[in-house]
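# Notes for the structure review
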Amino acid sequence: MSEPARRTGRDEMEEERADRMWTELIQEVRVAQTGVQILFGFLLTVVFQQKYAELSHADKTIYIVTVVLGASATGALIGPVSLHRLVAGRRVKPQAVRLAARLTSVGLFLLPATMTASLVLILRVATDGSHVTWVVAVVVIWYLVCWYGLPLWSRRRHTTR
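Conventions used here
Residues numbered from 1 in each chain as written. Predicted model: local features only at pLDDT ≥ 70, side-chain atom pairs only at ≥ 80, totals over all residues. Heavy atoms only, no water. Helix = DSSP H or I, 4+ residues; strand = E, 2+ residues; numbered from the N terminus. Expected span 1.5 Å × (residues − 1). Bend = angle between axes of the 7 residues up to and from the residue. Patch = residues over 30% accessible without salt bridge, like charges linked within 9 Å, V, L, I, M, F, W, Y side chains within 5 Å. Areas by Shrake-Rupley, 256 points an atom, 1.4 Å probe, with all protein chains shown as cover. Salt bridge = Lys/Arg side-chain N within 4 Å of Asp/Glu carboxyl O. Buried < 20%, exposed > 50% of the residue type's maximum accessible area, 1.4 Å probe, protein only. Phe/Tyr/Trp six-rings, centres within 6.5 Å; stacked < 30°, edge-to-face > 60°.

With 31 residues, helix α2 (residues 57–87) should cover 45 Å at 1.5 Å per step; its first-to-last C-alpha distance of 44 Å lies within 8% of that length. In α2, a bend of some 35° at glycine 79 exceeds every other bend along the element, and proline 80, a proline, comes one to four places later. Where α2 terminates, the next one or two residues include glycine 89, which has phi positive at roughly 80°.

Rendered as structure tokens:
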């Protein structure tokens, strides 16, 4: 297909675009919601384990921070569903999609923070702690590459001006 004949955009109205974007967003949220809910569920059980009483003050603090991060990520990633339910039929879908996308972005920031804090706690308890910082740093770099670096690189490389 020649360059001038190629379509460069979608011919859709604002409501149609909002419907399409909502469908795409909710599919993305489903993946993240599942992960954060499973992680948060496991985090909630830690305090009821016998070994919890043996944790140092620092490890208990890390645990509490991790649980709060997990609860916050869960709220942000479930928020779009509640938002949609409360505004459905009110003719505000484009605005709701933008707000839901922001909530999802917040959740996708809090999720790796939760996973990082969980990793710190697990490695501190499971090892002598000598290489925890380096292992966690490598994993955080991996998160950044996968969740931000590659998408931003792709957007920059493949977006037409």
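On the surface, Leu108, Phe109, Leu144, Trp147, Tyr148 and Leu152 cluster together into a nonpolar patch covering about 570 Å² of accessible area. Only α3 (93–126) and α4 (132–158) provide two or more residues apiece to the nonpolar patch. Along the chain, leucine 152 falls in helix α4. Classification of leucine 152 as partly exposed rests on a relative accessible area of 47%.

Next up on the list: the packing of aromatic side chains. All chains considered together, the criterion is met by two aromatic pairs. Ring centres 5.4 Å apart and planes at 70° place the aromatic pair tyrosine 52 and tyrosine 63 in the edge-to-face group. Of this pair, tyrosine 52 sits in the loop between α1 (14–46) and α2 while tyrosine 63 sits in helix α2, and the two are eleven residues apart along the sequence. Given a relative accessible area of 6%, tyrosine 63 falls into the buried group. With a centroid separation of 5.3 Å and an interplanar angle of 10°, the aromatic rings of tyrosine 143 and tryptophan 147 are classed as stacked. On the criterion of helical spacing, the pair formed by tyrosine 143 and tryptophan 147 is a turn pair, its members being four residues apart in helix α4.

Turning our eyes to something else, we now look at unusual backbone geometry. The phi angle at arginine 91 is positive, at roughly 60°, despite the residue not being glycine. Relative to the helices and strands, arginine 91 resides in the loop between α2 and α3. Here arginine 91 falls in the exposed class, since its relative accessible area comes to 79%.

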